[in-house]
Amino acid sequence: MTYAITQTCCNDATCVAVCPVNCIHPTPEERAFGSTEMLHIDPRACIDCGACADACPVDAIFPVDSLSAGQREYADINAAYYEGEEPLPVGDEVDGPNFHVWGEPAFERSLPSDFGPLRVAVVGTGPAGMYAAQDLLLHTAAEVTLIDRLPVAGGLVRYGVAPDHPATKKVGDTFSRFHSHPRVRMHLGIEVGRDVTAEELSAHHDAVIYAVGASTDKRLGVPGEELPGCLSATAFVAWYNAHPETVAQGVDLSAERVVVVGNGNVALDVARILVADPEALAATDIAAHALDALRASRVREVVVLGRRGPEDAAYTRSELLALKHVPGVELVVDDHDPRTAAAIDAAGAGDRAAVLKGLARVRTDAASPTGGERRIVLRFHSEVVEIRGGGGGVRSVRVTDGGGGDTADLGAGLLLRAIGYRGLPVPGLPFDEASGTVPHDGGRVAGLPGSYVVGWIKRGPSGGIGANRTCAAETVGALLADAVAGELPAPKGDAKAFRRLARQRNRRVVDARGLAAIDRAERDRGRRDGRPRVKLATVEELVATARSGRLLRLTR
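This report concerns the structure included in the present document. (Residues numbered from 1 in each chain as written. Predicted model: local features only at pLDDT ≥ 70, side-chain atom pairs only at ≥ 80, totals over all residues. Heavy atoms only, no water.)

Notes on a negative patch on the surface
Then comes step 1: On the surface, Glu29, Glu30, Glu85 and Glu108 cluster together into a patch of negative charge.
Then comes step 2: Note that Glu85 resides in the loop between α3 (73–80) and β5 (119–123).
Then comes step 3: For Glu85, a relative accessible area of 43% puts it in the partly exposed group. (Patch = residues over 30% accessible without salt bridge, like charges linked within 9 Å, V, L, I, M, F, W, Y side chains within 5 Å. Areas by Shrake-Rupley, 256 points an atom, 1.4 Å probe, with all protein chains shown as cover. Salt bridge = Lys/Arg side-chain N within 4 Å of Asp/Glu carboxyl O. Lys, Arg positive; Asp, Glu negative; His and termini not counted. Charge placed at Lys NZ, Arg CZ, Asp CG, Glu CD. Helix = DSSP H or I, 4+ residues; strand = E, 2+ residues; numbered from the N terminus. Buried < 20%, exposed > 50% of the residue type's maximum accessible area, 1.4 Å probe, protein only.)

Here is the structure:
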């Protein structure tokens, strides 16, 4: 029996490091790493030890024999990656006590043993920031200050991952163990540019790493985009994930059809949530207000618009495969353009478009659907031309209909744009308006010694959670090299001085004990409702819970 990597693969390569027979590829040392949608286990070399499954932070690895009906395709996907390649030598073919020849150990992110501990601030507690903090804490004696503008940690893991992907959220458990690390100080609810300046951060730390992500979205630039009922997928995702800066009752689901513009993984996420069984979502950590709205929702159909053809779709093959197995939801393809059917029919076995073979082909018309099974319609070669209003919101969406310049109207009461994220300027740092990133050299912020970037604000909105691990390794490596070379400016203030400064500027700062109180309260609320957790959905609730929990512990 062999193991297989499935849909929730995060690509952070933890499994590669523990495999005793080197059967998981591509590895971080190989050119293809970062360009494949997932990692793959070679069934010819796997020895069924299970080390990879134990190490996987997102529960993506299972024995092939135990795969569910919706996951069995992954056994073939893993095997297909190695077709035409010679298997690597294992077992008796290798001279030595190990199953394969290991390279010389390398300690690229470390400091000399006599080097004093650095004090590093990490701004942002999402995956990028936490991978950087993890590197510093595991490889050096650094003291890390974790800063986030929200009064709770987690970033993209807490507020970006869909609630029906609980395995992906488990990577948060890996990060949370560092929240109470003895060399970590946490200041949540502090915003750079509002409460403290970049200059003040640098004055109290040897180095500062900015991991602030890409928090806004791109615009369509078409008439009607400002109508009520035309929202960004960013806002919708934040709404169903209980982001404290969203309005709890801000999404109207009274229409039977929703149009989602874009065909990346986020577009598939929001489409799936819109038509999923609310009772299945009730077993997740979806926001309570979103669950109530979805229970009352009239949405029966979601049309996902892709500007290009199915062969060029931006979603991953694994996310599309998962969409085919959503209970009670039919996945179909709109065949208004003959190029769509031609691309699907011509797709090879390993092509993304091949996943669409066998799906029903339909024509979406102007009228919204009435009754029947809920469904998701993938409509390719189609762009939004205009959004038309009526009754105080969106009434229809005019889209291109074929390659000849024709247009068609799709009746819809809600439009969600999912065409990409974009970073925002950080006060005190340079900013490239064209790319929405901070200019840098290997993570070093241009013109600001001691300041670094990691994640989407560094490389743009590309790559999933695991991609931040190698991104963070590069940035931390640059920081440590600068430290050894004596190129880090000496701080003027210490950790206590920064703590006083932060609390003078913002009396509602949440520390590690406050964060633990929030976690306990949300889990307690979840147990009462039979859910993993019920999130606190406002800044006021989060801060009050953090404060009350901290005071309770102090009085015991």
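From this point, things continue past the structure.
Regarding unusual backbone geometry
Then comes step 1: Note that the residue after His25, namely Pro26, is joined by a cis bond; omega there is -5°.
Then comes step 2: Position of Pro26 relative to the elements: it lies in the loop between β2 (24–25) and β3 (40–41).
Then comes step 3: Positive phi values are uncommon outside glycine, yet Asn22 reaches one of about 55°.
Then comes step 4: Classification of Asn22 by relative accessible area gives partly exposed; the value is 25%.

Observations regarding the sheet that holds strand β18 (residues 407–411)
Then comes step 1: One open sheet accounts for three strands, arranged β16-β17-β18; its pairing is antiparallel. Strands at the two margins of the open sheet, each flanked by one partner only, are β16 (384–390) and β18. Across the sheet, the mean angle from the axis of one strand to that of its neighbour is 25°, orientation sign disregarded. (Pairing = 2+ DSSP bridges. Axes fitted to C-alpha atoms, helices over the stretch in contact; angles between N-to-C directions.)

Considering the nonpolar core
Then comes step 1: Counting residues in hydrophobic clusters, the biggest one holds 119 residues, and the most contacted among them are Ile24, Ile209, Tyr240 and Leu378.
Then comes step 2: Counting 21 residues, the second-largest nonpolar core is a separate cluster that includes Val123, Ile147, Val196 and Val445. (Core = buried A, V, L, I, M, F, W, Y, C linked by side-chain atoms within 4.5 Å.)

Brief notes about the packing of helix α4 (residues 127–139) against helix α16 (residues 467–484)
Then comes step 1: Relative to each other, α4 and α16 sit at 50°, their axes nearing to 8 Å. Here α4 is positioned oblique relative to α16, judged by the angle of their axes. The two elements α4 and α16 meet at a crossing, and its hand is right-handed. Between α4, through Pro127, Ala128, Tyr131, Ala132, Asp135 and Leu136, and α16, the contact on the second element is made entirely by Asn468, Arg469, Ala472, Ala473, Val476 and Leu480.
Then comes step 2: Classifying every residue of the contact of α4 with α16 gives nine nonpolar, one polar and two charged. (Parallel < 35°, antiparallel > 145°, perpendicular 65-115°, else oblique. Left-handed = near helix turned anticlockwise from the far one by under 90°. Contact = heavy atoms within 4.5 Å. Nonpolar A, V, L, I, M, F, W, Y, C, P; charged D, E, K, R; others polar.)

Things to note about the packing of aromatic side chains
Working definition: an aromatic ring pair is given by the centre-to-centre distance plus the angle between the planes.
Then comes step 1: A full pass over the atoms with the stated rule returns five aromatic pairs.
Then comes step 2: Seen from their ring centres, Phe236 and Tyr240 are 5.4 Å apart, and the 90° between their planes marks the pair as edge-to-face. Placement of the pair is Phe236 and Tyr240 together in helix α9 (residues 233–240), with a separation of four residues, close to one helical turn. The burial state of Phe236 is the same as that of Tyr240; both residues are buried.
Then comes step 3: Seen from their ring centres, Tyr421 and Trp456 are 5.5 Å apart, and the 40° between their planes marks the pair as tilted. Remark: Trp456 occurs in helix α15 (residues 456–459) and Tyr421 occurs in strand β20 (residues 421–422); sequence separation between them is 35 residues. Across this residue pair, the class does not change: Tyr421 and Trp456 are buried.
Then comes step 4: Grouped by ring-pair contacts, the aromatic residues Phe236, Trp239 and Tyr240 constitute a single cluster. (Phe/Tyr/Trp six-rings, centres within 6.5 Å; stacked < 30°, edge-to-face > 60°.)

Regarding the pattern of salt bridges
Pairs can form between side chains of opposite charge whenever their charged atoms are close.
Then comes step 1: Enumeration over the complete set of coordinates arrives at 38 salt bridges.
Then comes step 2: Between Arg272 and Glu319 there is a salt bridge, with its nearest N and O atoms 3.9 Å apart. In this pair, Arg272 is assigned in helix α10 (residues 265–275) and Glu319 in helix α13 (residues 317–323), connecting sequence segments 47 residues apart. The residues Arg272 and Glu319 share a single accessibility class, namely buried.
Then comes step 3: Note that Glu522 is salt-bridged to Arg533, the shortest N-O span being 2.7 Å. Here the residue Glu522 occupies a position in helix α18 (residues 512–529), and Arg533 occupies one in the loop between α18 and α19 (539–555), the gap between them amounting to eleven residues.
Then comes step 4: With relative accessibility at 0%, the residue Glu522 sits in the buried group.

Digging into the side chain of Arg374
Then comes step 1: Along the chain, Arg374 turns up in strand β15 (residues 374–379).
Then comes step 2: Although Arg374 is buried, it makes no salt bridge; Asp277 carries the closest opposite charge, 5.4 Å away.
Then comes step 3: Reaching out from Arg374, the side chain makes a polar contact with the backbone oxygen of Ala276 at a distance of 3.3 Å.
Then comes step 4: Setting aside its immediate chain neighbours within four residues, Arg374 contacts Val275, Ala276, Asp277, Val299, Arg300, Pro327, Gly328, Val329 and Glu330. (Polar contact = N/O pair within 3.5 Å; in protein donor to acceptor, adjacent residues only side chain to side chain.)

Regarding the sheet that holds strand β14 (residues 361–362)
Then comes step 1: Pairing is parallel in the open sheet, where seven strands are placed in the order β10-β19-β11-β12-β15-β13-β14. In this open sheet, the two edge strands, each paired with only one partner strand, are β10 (230–232) and β14.
Then comes step 2: For strand β11 (residues 257–261) and strand β12 (residues 301–305), the ladder comprises five bridges, and the chain directions are parallel. Across the sheet, the residue bridging to Val258 is Val302, located in β12.

Notes on empty space enclosed by the protein
Then comes step 1: A complete count under the given rule lists two cavities of 30 Å³ or more for this structure.
Then comes step 2: Quantified by volume, the largest cavity comes out at close to 80 Å³.
Then comes step 3: Lining the largest cavity are 13 residues, with Cys9, Cys10, Asn11, Cys15 and Cys56 positioned closest to its centre.
Then comes step 4: Looking at the lining of the largest cavity residue by residue, the classes come out as eleven nonpolar, one polar and one charged.
Then comes step 5: Here the second largest cavity is characterised by a volume of approximately 50 Å³.
Then comes step 6: Taken together, Cys19, Pro20, Val21, Cys23, Ile41, Cys46, Ile47, Cys49 and Cys52 form the lining of the second largest cavity. (1 Å grid on protein atoms, 1.4 Å probe; cavity = no way out; pocket = protein on both sides within 12 Å on 5 of 7 lines; lining within 4 Å. Points joined across faces, edges and corners; volume = space filled by probe spheres on them.)

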